[in-house]
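# Results of the structural survey
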Amino acid sequence: MANKTLDDLFYDTLRDIYYAERRIVKALPKMARGAQDEKLKKAFEKHKEQTEEHIERLQEVFELLDKRPRGKTCQAIDGILDEGEEVLETYKGTPAQDAGILAAAQAVEHYEISRYGTLKTWAERLGHDKIVKILDKTLKEESQTDEALTKLATSQVNANAQDAA
Ligand SMILES: [Fe+2]
Ligand SMILES: [Fe+2]
């Protein structure tokens, strides 16, 4: 039996989020195009740019570990994004559409927050100080995005979904 340690878990989970980020960066433009609300559209566009940086930061982390950046299929993000596309198709053009895709986007952010939170904690334990700082930057942006989406939902998007006739 192979002697797997926290180092292996850390590396495998980095590969998981690397795969996830690269799928997310492709999904965000679709969500931006699909959004009716201008602010929601802008939020998706802004986060697409941040996501490009998240990918670059992960490449930097792999480099610091002397590893080749290589993704590993993440069924969780595949499922979350598939559900998002399903909402977009099912609710396309209806008043509920934006509330639906906003919720799908928050599921993505929560997945990322979970992963980056864990990775940061493991990096601390493993003494990868530089990597802790890199992961923390991304973690903060994911949390801010999640908060911004909550604000949009509660300030206008949910009400629009409810009211429009
Ligand atoms: Fe990200
Ligand atoms: Fe994100």
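A few points on the structure. Just so you know, these numbers come straight off a predicted model, no measurement behind them.

### Looking at the coordination of the iron ion (ligand 2)
Within the first shell, the iron ion (ligand 2) binds the protein through His47 (NE2), Glu109 (OE), Glu109 (OE), Glu112 (OE) and Glu142 (OE), at distances of 2.0 to 2.6 Å. Here the donor residues of the iron ion (ligand 2) share one chain and are spaced in sequence as H-x61-E-x2-E-x29-E. Taken as a pair, the iron ion (ligand 2) and the iron ion (ligand 1) show a spacing of 3.4 Å, with Glu112 coordinating each metal. With a gap of three residues between them, Glu109 and Glu112 both fall in helix α4 (residues 97-126), about one helical turn apart.

### So, the layout of surface pockets
Put simply, the largest pocket is a space of about 180 Å³. Along the walls of the largest pocket sit 13 residues, with Ala43, Lys46, His47, Thr145 and Ala148 positioned nearest its centre. Elements with a contribution of two residues or more to the lining of the largest pocket: α2 (38-64), α4 and α5 (129-163). The residue inventory of the lining of the largest pocket, partitioned by class, reads six nonpolar, four polar and three charged.

### A closer look at empty space enclosed by the protein
Evaluated as defined, the whole model comprises two cavities of 30 Å³ or more. When its volume is computed, the largest cavity comes out at roughly 120 Å³. As for the largest cavity, its lining consists of Arg23, Ala27, Lys30, Met31, Ile80, Leu81, Gly84, Glu85, Leu88, Ile101, Ala104 and Val108. Sorting the residues of the lining of the largest cavity by element identifies α1 (6-34), α3 (75-91) and α4 as the ones contributing at least two each. Among the elements that take part in the lining of the largest cavity, α3 stands out by supplying five residues, more than any other. The class makeup of the residues in the lining of the largest cavity is eight nonpolar, one polar and three charged. Looking at the second largest cavity, its volume works out to about 40 Å³. Surrounding the second largest cavity, Ile24, Leu28, Met31, Leu81, Ala105, Val108 and Glu109 form its lining.

### Quick notes on the nonpolar core
One recurring pattern in soluble globular proteins is that nonpolar side chains are buried together. Leu40, Phe44, Ile77 and Leu135 are the most contacted members of the largest nonpolar core, which totals 44 residues. For this core, the elements supplying multiple residues, two or more each, are α1, α2, α3, α4 and α5. Ranked by residue count, the leading element in this core is α1, at 13 residues. With residues up to four places along the chain from it excluded, the contact list for Leu135 reads Phe10, Leu58, Val61, Tyr116, Leu119, Lys120 and Ala123.

Reading the values: rules and limits
- Residues numbered from 1 in each chain as written.
- Chains lettered and ligands numbered in written order.
- Predicted model: local features only at pLDDT ≥ 70, side-chain atom pairs only at ≥ 80, totals over all residues.
- Heavy atoms only, no water.
- Donors = N, O, S within 2.8 Å, 3.2 Å for Na, K, Ca; no water.
- Helix = DSSP H or I, 4+ residues; strand = E, 2+ residues; numbered from the N terminus.
- 1 Å grid on protein atoms, 1.4 Å probe; cavity = no way out; pocket = protein on both sides within 12 Å on 5 of 7 lines; lining within 4 Å.
- Points joined across faces, edges and corners; volume = space filled by probe spheres on them.
- Nonpolar A, V, L, I, M, F, W, Y, C, P; charged D, E, K, R; others polar.
- Core = buried A, V, L, I, M, F, W, Y, C linked by side-chain atoms within 4.5 Å.
- Buried < 20%, exposed > 50% of the residue type's maximum accessible area, 1.4 Å probe, protein only.
- Contact = heavy atoms within 4.5 Å.

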